[in-house]
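Descriptive structure summary
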Amino acid sequence: MRIEEGILYPLFDHLRRSDVPLGVGDYLLALELLREGYGVENLEQIKQTCRLVWTKSHADQAIFDQAFEQLIRPAILAYRPRRTTKPSGATEPQVDHDTRPASHLTEGTQSNLAVNRSSQEPLQMGTLPLNPRRGSSIAESGPEPYGIYQFTPRPSIGLREMAGIWRHLREMRREGRLVELDVDATIQEISRNGFVLAPKLRARRRNQVQMLILLDRSPTMTAFSPLVNTLLDSIRRSGLLGETSICYFRNSPRQYLSLHPGMVDHQPIEAVLAEKATGRSVLIISDAGAGQGAYRKSLVEEVSRFLWTLHDYTYLSAWLNPLPQDRWQSTSAEEIAQLVPMFPIERDGLVDAVNVLRGQPHKGGPHG
């Protein structure tokens, strides 16, 4: 059976989008191995070859196995190569595999004989013979599943892409040792004295952005723990050199904030904001009541009072909601989004949130 080489590309592309560390060289290596005839005896051998080349960890292997079953196996089993017409007068080569009648062979012997005959045929580029005991069509391999089900929770945006977005949150300040040549100061020194004893040095500019994260620990946020944990991990990996603090609340920030995810060690909210939010970026992560699918006037009022208090310490604030924007309708989140810049946790939402935390204007906010 001839299989086009591009049939493996959807699998490779899916792995790349799932943050499996792969390059073009890995893709070409797998194709080269298959062209040379390594691991092409049957479909499982093809899977094992690509798995060895493209996966480096158990997590990568789990992603690979699921994607292979969904993208590659049905495509290969359903593939129908073009039939080539034989030239006139051409005859089939006679190969005497066994002179005994087929009735004298057991079922297992017949299967082994079929495999041996297929392995003796010359392997052309792109030819991937399959195990004859497996069906070569969708009808023989059973009906296609209705829909694709994802039982392993994975965020819609990968960790590396999140971290790349957070790297745009920058506040450059000069701190540390004097190691960089200050050209202007050195020239001014020469102009004043007519000579220079030593060049003028200055500290390097470094990203010293500082951020306070307020994380909702209410029961409705439990389902979004994988997404929120990935978000927090991406912030840690983004290389922000300034202090990043995390405080916790339930449903809405009220009189106290917790310094521990177990909701212990509470501190007055104004004391926390004065210490950790003055002139800094503040990121709020909560479903804002959208997880309950209902409107709560008390929640909107509590958030509104908090935002007025927060504005006394900083104007750099944004709200990330794990639910998509269409789920905010007719809930408390829809009204809270009119008070503070609120974005869903997806690529465009993260980009907009970072821009707001950098100081770019937005129509939302308590004075909007």
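Reading the values: rules and limits
- Residues numbered from 1 in each chain as written.
- Predicted model: local features only at pLDDT ≥ 70, side-chain atom pairs only at ≥ 80, totals over all residues.
- Heavy atoms only, no water.
- Helix = DSSP H or I, 4+ residues; strand = E, 2+ residues; numbered from the N terminus.
- Buried < 20%, exposed > 50% of the residue type's maximum accessible area, 1.4 Å probe, protein only.
- Contact = heavy atoms within 4.5 Å.
- Areas by Shrake-Rupley, 256 points an atom, 1.4 Å probe, with all protein chains shown as cover.
- pLDDT = per-residue confidence, 0-100.
- Pairing = 2+ DSSP bridges.
- Core = buried A, V, L, I, M, F, W, Y, C linked by side-chain atoms within 4.5 Å.
- Right-handed = clockwise from strand over helix to strand, strands pointing away.

A separate point is the overall build of the chain. Within the chain, the secondary structure is distributed over 13 helices and nine strands. Within the chain, buried positions represent 38% of all 368 residues. Considering only contacts within the chain whose residues lie at least 6 apart along the sequence, 72% involve residues at least 24 apart. Here the chain displays about 22,100 Å² of accessible surface, and carbon together with sulfur accounts for 50% of that area.

In this section: the confidence of the model for the chain. In the predicted model, the chain carries a mean pLDDT of 76, and 73% of its residues have values of at least 70. The model gives residues 95-151 a pLDDT under 50, and that stretch makes 59 contacts with residues more than four places away or in other chains.

Across the six residues of strand β3 (residues 211-216), six count as buried, placing the element largely inside the fold. Here β3 shows no split at all, with Met211, Ile213 and Leu215 on one side and Leu212, Leu214 and Asp216 on the other all buried. With six bridges joining them, β3 and strand β4 (residues 244-249) adopt parallel strand pairing. Its bridge partner being in β4, Asp216 is matched across the sheet by Phe249. In terms of strand pairing, β3 meets strand β7 (residues 281-285) through five bridges, oriented parallel. By the bridge assignment for β7, Met211 is matched with Ser281.

Our next topic: the environment of Ala274. Note that Ala274 resides in helix α10 (residues 269-276). In this structure Ala274 comes out as partly exposed when scored by relative accessible area, which is 39%. Separated by 40 residues in the primary sequence, Ala274 and Thr314 place their C-alpha atoms 9.7 Å from one another.

Here we take up the nonpolar core. By size, the foremost hydrophobic cluster in this structure holds 56 residues, and its most contacted members are Trp166, Leu214, Ile285, Leu320 and Ile336. Of the residues forming this core, the biggest block, six residues, is contributed by helix α11 (residues 297-311). Counting residues in each nonpolar core, the second largest holds 23 residues, with Ala30, Leu34, Ile63 and Ala67 among its members.

Once that is clear, we can look at the pairing of strand β8 (residues 317-321). Across the five residues that make up β8, a large majority, five, are buried. Taking every second residue as pointing to the same face, both faces of β8 are buried, with Ser317, Trp319 and Asn321 on one and Ala318 and Leu320 on the other. Sheet topology note: the β7/β8 ladder contains four bridges and is parallel. Residue pairing in the sheet places Val282 in a bridge with Ser317 of β8. A crossover links β7 with its parallel partner β8, the connecting element being α11, and its sense is right-handed. Examined bridge by bridge, β8 and strand β9 (residues 342-344) share three bridges and lie parallel to one another. By the bridge assignment for β9, Trp319 is matched with Met342.

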